[in-house]
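# Observations on the model geometry
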Amino acid sequence: MQIIFGNKKEDLLIERDALVIGTVEGDITVLSGAKLHLKAKLKGDLHLSKASIVSIQNVILGNVYDSGASIEIVNGEIQGSVVNS
């Protein structure tokens, strides 16, 4: 599992299982088949590909664009909209 830690001011591309901790100022895209444990505060949008998995454990200030992912919210919050496509 990839671990991404700290305050990131960039877009992230998740290609394999990952744990993100800290703050992300940008968008996160999770590719098909990858699992994201999101413990970071996200100041951007979350883009989920078909068959991706995400566990949200902090605040997402933007929107979640869901193309057929599995979404679990554990002590987290989505302040934007969830857009299914």
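Everything that follows concerns the structure shown earlier in this document.
All figures in this text were calculated on a predicted structure; none of them were measured in a lab.

### Considering the side chain of D66
Position of D66 relative to the elements: it lies in strand β10 (residues 64–66). No salt bridge is formed by the buried D66; the nearest opposite charge belongs to K50, separated by 11 Å. Within the structure, D66 has its side chain in polar contact with the backbone nitrogen of G68 (distance 2.9 Å). Residues within four places of D66 in sequence aside, it is in contact with L48, I71, V83, N84 and S85.

### Brief notes about the sheet that holds β10
Pairing is parallel across the open sheet formed by 5 strands, whose spatial order is β2-β4-β7-β10-β13. Edge positions in the sheet fall to β2 (12–14) and β13 (82–84), since each has one partner strand and no second. Across the sheet, the mean angle from the axis of one strand to that of its neighbour is 15 degrees, orientation sign disregarded. Across 3 bridges, the pairing between β10 and β13 is parallel. Paired with D66 across the strands is N84, a residue of β13.

### Focus on the environment of V20
With respect to the helices, strands and loops of the structure, V20 is situated in strand β3 (residues 18–24). If we skip the residues at most four places from it in the chain, V20 touches I4, L12, I14, L36, H37, L38, K39 and A40.

### A closer look at a nonpolar patch on the surface
A surface patch of nonpolar side chains, about 400 Å² in accessible area, is lined by M1, I3 and F5. Looking at where F5 falls in the secondary structure, it is placed in strand β1 (residues 2–8). Judged by relative accessible area, F5 falls into the exposed class, the value being 62%.

### A few points about unusual backbone geometry
The bulk of non-glycine residues show a negative phi, and the bulk of peptide bonds are trans. Look at A51: it is not a glycine, yet its phi comes out positive at around 70 degrees. Note on A51: relative accessible area 44%, which makes it partly exposed.

### As for the nonpolar core
If you look at the biggest cluster of nonpolar residues, it comprises 21 residues, and the most contacted ones within it are I14, V20, I28, L36 and L46. Put simply, the parts of the chain that give this core at least two residues each are β2, β3, β4 (28–30), β5 (35–38), β7 (46–48) and β8 (53–56). With 3 residues, β3 is the largest single contributor of residues to this core. Every residue in contact with I14, bar those within four places of it in the chain, is listed here: I4, V20, I28, T29, V30, L31, A34 and L36.

### Observations concerning the environment of G80
Tracing the chain through its elements places G80 in the loop between β12 (77–78) and β13. The class for G80 is partly exposed, based on a relative accessible area of 28%. Non-local contacts of G80, meaning those with residues more than four positions away in its chain, are made with I60, L61, G62 and N63.

Calculation criteria
Residues numbered from 1 in each chain as written. Predicted model: local features only at pLDDT ≥ 70, side-chain atom pairs only at ≥ 80, totals over all residues. Heavy atoms only, no water. Helix = DSSP H or I, 4+ residues; strand = E, 2+ residues; numbered from the N terminus. Buried < 20%, exposed > 50% of the residue type's maximum accessible area, 1.4 Å probe, protein only. Lys, Arg positive; Asp, Glu negative; His and termini not counted. Salt bridge = Lys/Arg side-chain N within 4 Å of Asp/Glu carboxyl O. Polar contact = N/O pair within 3.5 Å; in protein donor to acceptor, adjacent residues only side chain to side chain. Contact = heavy atoms within 4.5 Å. Pairing = 2+ DSSP bridges. Axes fitted to C-alpha atoms, helices over the stretch in contact; angles between N-to-C directions. Patch = residues over 30% accessible without salt bridge, like charges linked within 9 Å, V, L, I, M, F, W, Y side chains within 5 Å. Areas by Shrake-Rupley, 256 points an atom, 1.4 Å probe, with all protein chains shown as cover. Core = buried A, V, L, I, M, F, W, Y, C linked by side-chain atoms within 4.5 Å.

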